[in-house]
Amino acid sequence: DIMVQAETFPKVFQRESIEAKQAQSATGFLFCAITIQFVMMLYNVVSEKDLKLRQGLKLIGLKDSIYWIAWAITGLVIALLSTCVLMVTGYACQLQYFLNTNFTINFLLFFIYSGSMVPLAFFASVFINTIKLAVSVGIMIFVIGLMVIGLLGNPFLLTQLYINVKPLVYVLSFLPPFHLAK
């Protein structure tokens, strides 16, 4: 009598660590947390334009430079507050990215990124006349930014982009999410 027994080949089970999962989703989370303010800034500036509030301010003597300086200060204060909230949240949740990176570097990265979205909102508001279009364009830029971050989160794709498609790199360099994704 011959007895034959078959067993499956053992599989190596690799469990992903919490840190690896945090690192994968961190860029998207950070992008979303900061870019929502861009959509709101675009909405607010265009709504003033659409409701003719800016013309009323001009009528009573407000100069264009003062108008834009006031919005720039507002945008930078919102960028500062959102950066502080983001930093506090990152440390409160004990995210490894925040714990392993210098506070000053993180703060500057997020504040400069937030601040760079303010002039982008101003630039976009010049071409947009209605509130509905402002929200649509803001969400479109938000979604494009998420796609850019998702694609460039892969080091292989990022390297191939720099080697093979140099003109696209120049075009994407005008979008702040491109630099956050690197």
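Before reading further, recall that the structure is shown in the block above.
What counts as what
Residues numbered from 1 in each chain as written. Predicted model: local features only at pLDDT ≥ 70, side-chain atom pairs only at ≥ 80, totals over all residues. Heavy atoms only, no water. Helix = DSSP H or I, 4+ residues; strand = E, 2+ residues; numbered from the N terminus. Expected span 1.5 Å × (residues − 1). Buried < 20%, exposed > 50% of the residue type's maximum accessible area, 1.4 Å probe, protein only. Arc of directions from axis to C-beta. Contact = heavy atoms within 4.5 Å.

## Focus on the environment of Leu108
Examined against the element boundaries, Leu108 turns out to sit in helix 5 (residues 103-127). With 25 residues separating them in the primary sequence, Leu108 and Thr83 have C-alpha atoms 8.9 Å apart.

## Points about helix 6 (residues 131-152)
Between the first and last C-alpha of helix 6 there are 31 Å, a value that for 22 residues agrees with the 32 Å anticipated at 1.5 Å per step. Listing the buried residues of helix 6 in full gives Ala134, Val137, Gly138, Ile141, Phe142, Gly145, Val148, Ile149 and Leu152. Buried residues of helix 6, viewed axially, fall in a sector of 140°; they line one side. Those residues of helix 6 that are exposed and angled more than 90 degrees off the buried face are Lys132, Met147, Gly150 and Leu151.

## As for the environment of Arg54
Secondary-structure assignment places Arg54 in helix 2 (residues 53-59). The spatial distance from the C-alpha of Arg54 to the C-alpha of Asp64 is 9.1 Å, given a sequence separation of 10 residues. Excluding residues that lie within four positions of it along the chain, Arg54 makes contacts with Glu48, Asp64, Tyr67 and Trp68.

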